[in-house]
Amino acid sequence: MKKAMLIFVFLVVAVVVFGGGQGEDDGVVTLKYITLPNDAGENWKLMEGFEQGFYEEYPNIKIEAVAVPFADLEQKTMTAHIGGAGYDLILVNHPAVGIYVDAGVLEPLDSYAANSTIDMDLFNESVVSVVSNYKGNMYTIPFAEGARSLALNKAMFQEEGLDYPETMDEMLTVAKQLTKDLDGDGVIDQYGGLAIDFANMYYPVYEIGQWLMAAGGKLYDQDENGKWVATINSDGSRKFIEWSKEMMNYLPKDMPSWTGQMIISAFAEGKFAMFDYGVWHENEPRLQEVSNTFDLIDNPPDVQEGTVGGGWHLGMGADSEYKDEVWKVLEWLSRPENMAKSSSMLPPMAEAFNYPPFNSGEWDFWKQQNDLAALPVATIPPMNECIDIWNKYWQKAILGQISVTECLEGAEKDMNVVLQEYNKTL
Amino acid sequence: MRKKTLKSCDKIDYLYLLPAVAVIIIMLLYPLLANLKYSFIKYHLTDPSRAFVGFDNYINALGNPEFYTTLGRTMVWTISVVIFTAIFGVITALLMNRKGLSSKLIKAFILIPWILPELVSGYTWKWMLSSTYGIINHGLSALGIIPVDFSWFTDPALALTVAIFVNIWRGVPFVTIMIYAKLKVIPAASIEAATVDGADHYQIFFHITLPFISAQILNCAMLVFVWTFNAFGIIYSLTGGGPAGQTETISYLVQKTAFRYFKFSDAATFSMLMFTILAIVVMLMNLASTFVKSKGDFDEN
């Protein structure tokens with residue numbers, strides 16, 4: 001009995017130790033790629049791109065996608081790395097580059113790039129220099145850049161005989177005029193304001209935060225000594241807060257409880273006059289069903305014209321045993337014709353717009369937005385914490401719980417605590 | 001010969017306990033000790049040093065105003081849920097113990113809130129309370145009880161109250177079942193004797209029933225306290241910690257610190273402080289339960 005038990009235990013251990021694992025099978029290398037699910041629509045286009053060209057060119061390399069929800073992507077990537085089971089190919093949201101690099105998740109690509117055919121000059125310089133490059137090394141290849149615009153309900157504007165707004169003040173003017181009780185029952189049915197997704201902590205930096213940028217506000221920046229300091233307490237930020245506080249008057253009273261999906265549905269149904277429209281919304285079925293009901297315009301600027309960019313990158317896992325194969329994927333993707341067919345948003349290189357599907361006239365507007373796109377803040381590791389701080393103070397200010405001054409001073413103070421801790425590591 | 005056989009049996013018995021012990025060590029003891037270790041080092045994923053920092057993490061946590069604000073909010077959340085879950089649990093159990101239609105209805109539906117996953121409950125209530133899409137808001141505004149565009153989630157105190165209500169709704173079934181089981185074993189002779197002596201329903205409840213079930217109530221309260229103090233899913237799904245982070249509880253703070261800021265040592269420190277608070281509370285409640293049991297006049301047997 002004891003002998004049988006021992007043999008059984010030995011067999012179990014042998015199966016676990018030697019039976020698991022993937023990687024190489026009959027000369028075909030399988031790369032594990034962590035990404036978003038297919039129903040996100042966004043990054044699965046990359047997998048289609050691989051089907052349309054990469055596998056033909058490299059039949060001995062296969063890519064196996066491991067999909068995780070957006071909210072869990074960074075957590076899953078980091079914990080897999082800590083547990084020694086890191087991925088070969090990693091989908092990197094641009095704010096996470098600094099965090100991943102400092103945590104040792106990503107492999108530097110400089111030596112690979114130096115010996116390859118990739119022409120880094122083809123990439124949009126702003127994305128590569130600010131995001132892909134971190135602390136003097138290159139870590140990612142950008143492949144899907146995001147840009148934003150302002151979607152306006154055509155019928156609402158036409159019925160009121162209003163022109164589309166061209167400044168932040170004009171946005172408030174039209175918001176006021178378009179907020180109304182349509183059926184006379186004393187209840188507002190139509191909201192002229194720009195909907196705010198309170199649940200999304202990035203909103204006051206990326207989405208509605210475009211108008212923070214437009215007003216000249218910025219969360220933090222480097223001083224002359226290369227140290228990071230909070231710069232949020234500025235006239236531009238003050239203007240932005242007062243503007244967004246006024247905008248709240250033209251939105252539902254329970255806006256704080258609305259989710260992003262509720263907002264999309266409500267805009268599609270014609271409840272909101274304005275909507276923060278990103279290029280990824282081109283894949284949103286509810287909006288595409290009603291695409292003839294809204295127009296897209298440049299974000300009305302004030303001090304500064306532009307749209308907030310960002311986007312997705314691919315990185316090489318530092319734990320990967322197949323780095324050469326991973327590099328082949330990144331190299332293939334960096335060719336303009338391949339990037340065009342694999343990018344789910346906008347390819348971060350002008351040359352790619354000469355290839356399908358971007359060489360049709362349909363993408364001219366987004367190319368223009370892409371050219372104007374800029375990152376709202378540097379993607380340093382404490383970025384999430386600083387955005388969280390800003391989000392809390394901004395929400396309290398626009399809900400009337402604190403004054404604008406208290407908001408700016410409080411946010412600046414708390415952000416500086418976080419940034420000073422980070423500066424010690426530089 | 002017989003003695004040797006008995007000893008062999010004992011050894012085999014211990015062998016059968018090994019899987020359970022392994023689970024306890026892997027799932028409970030190891031994480032606890034690892035957490036304790038992380039609370040004494042600097043373990044930020046973006047800083048590979050992992051240097052030993054002594055009690056610095058605890059000093060920073062206890063010197064952080066946000067910790068006290070969040071802890072205070074967590075205690076309000078927890079104590080409110082415990083008190084009202086106990087009250088409504090007892091009332092529901094008493095109703096369930098009576099003969100009649102109410103008892104049958106309660107028995108049919110009581111477990112539904114308990115078996116629904118936490119996140120499902122949170123998201124469902126969030127939608128029901130939406131001013132634009134919510135059936136509850138629609139009904140209440142049709143009755144003129146609230147305005148049409150009334151928001152449950154804009155005011156932080158009201159948002160927390162809603163979260164407390166939803167968690168009470170989820171917790172009442174457990175307390176009900178536990179109290180109901182205890183009610184079924186109340187000595188019938190005691191109640192009959194009291195009735196014969198002229199005691200009314202209130203006197204029977206306060207002098208016989210309540211003392212009999214009080215230890216059970218305390219035990220349930222202790223469990224509900226622990227579960228509520230640690231609860232994350234309801235807050236995450238219902239309010240997202242908002243508005244402006246004003247419904248965040250300690251467990252939400254831990255999750256955010258660990259998986260949004262990747263500051264594992266800070267999160268571990270908050271966790272150890274949570275563990276300490278819970279240990280003290282559980283110990284006090286155990287003492288209270290022992291005291292109540294020792295004062296009890298009833299013997300189930």
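Residues numbered from 1 in each chain as written. Chains lettered and ligands numbered in written order. Predicted model: local features only at pLDDT ≥ 70, side-chain atom pairs only at ≥ 80, totals over all residues. Heavy atoms only, no water.

A. Structural detail: unusual backbone geometry. The residue after Pro-356 of chain A, namely Pro-357 of chain A, is reached through a cis peptide bond having omega 0°. Position of Pro-357 of chain A among the secondary structure elements: in the loop between helix 14 (336-342) and helix 15 (364-372). Residue Pro-243 of chain B is bonded to the preceding Gly-242 of chain B through a cis peptide linkage, with omega at 5°. The topology assignment puts Pro-243 of chain B in the loop between helix 11 (233-238) and helix 12 (250-259). Its identity as a non-glycine residue notwithstanding, Lys-135 of chain A has a phi of 50°, on the positive side. Here Lys-135 of chain A shows up in the loop between strand 5 (133-134) and strand 6 (137-138). For Lys-135 of chain A, a relative accessible area of 48% corresponds to the partly exposed category. (Helix = DSSP H or I, 4+ residues; strand = E, 2+ residues; numbered from the N terminus. Buried < 20%, exposed > 50% of the residue type's maximum accessible area, 1.4 Å probe, protein only.)

B. View of the layout of surface pockets. When its volume is computed, the second largest pocket comes out at roughly 1400 Å³. Lining the second largest pocket we find 41 residues, and of these Glu-385, Val-417 and Val-418 of chain A together with Asn-64 and Glu-66 of chain B sit closest to its centre. If you list the elements that add at least two residues to the lining of the second largest pocket, you get helix 16 (383-398) and helix 17 (404-423) of chain A together with helix 2 (56-62), helix 3 (65-97), helix 12 and helix 13 (264-295) of chain B. The biggest single contributor to the lining of the second largest pocket is helix 17 of chain A, with 7 residues. (1 Å grid on protein atoms, 1.4 Å probe; cavity = no way out; pocket = protein on both sides within 12 Å on 5 of 7 lines; lining within 4 Å. Points joined across faces, edges and corners; volume = space filled by probe spheres on them.)

C. How the structure looks around the interface of chain A and chain B. Contact residues are listed per partner, giving 32 residues for chain A and 35 residues for chain B. Here chain A packs against chain B, burying approximately 2900 Å² in sum over the two surfaces, 60% of which is carbon and sulfur. Note that Lys-263 of chain B is salt-bridged to Glu-385 of chain A, the shortest N-O span being 2.7 Å. Between chain A and chain B we count 9 residue pairs in polar contact (both at pLDDT 80 or more) in total. If you list the elements that add at least two residues to the side of chain A that touches chain B, you get helix 3 (73-82), helix 4 (97-102), helix 11 (260-268) and helix 16 of chain A. In terms of residue count, the dominant contributor to the side of chain A that touches chain B is helix 16 of chain A (6 residues). Looking at the side of chain A that touches chain B residue by residue, the class counts come to 13 nonpolar, 8 polar and 11 charged. (Contact = heavy atoms within 4.5 Å. Buried area = accessible area lost by both parts, 1.4 Å probe. Salt bridge = Lys/Arg side-chain N within 4 Å of Asp/Glu carboxyl O. Polar contact = N/O pair within 3.5 Å; in protein donor to acceptor, adjacent residues only side chain to side chain. Nonpolar A, V, L, I, M, F, W, Y, C, P; charged D, E, K, R; others polar.)

D. View of the packing of helix 6 (residues 118-128) of chain B against helix 8 (residues 156-183) of chain B. Residues and elements named next belong to chain B. Where helix 6 contacts helix 8, the two axes come as close as 11 Å, and the packing angle between them is 135°. Between helix 6 and helix 8, the angle is such that the two are oblique. The way helix 6 lies across helix 8 gives a crossing that is right-handed. Where helix 6 abuts helix 8, its residues Glu-118, Ser-121 and Trp-125 lie against Phe-165, Val-166, Trp-169 and Arg-170. (Axes fitted to C-alpha atoms, helices over the stretch in contact; angles between N-to-C directions. Parallel < 35°, antiparallel > 145°, perpendicular 65-115°, else oblique. Left-handed = near helix turned anticlockwise from the far one by under 90°.)

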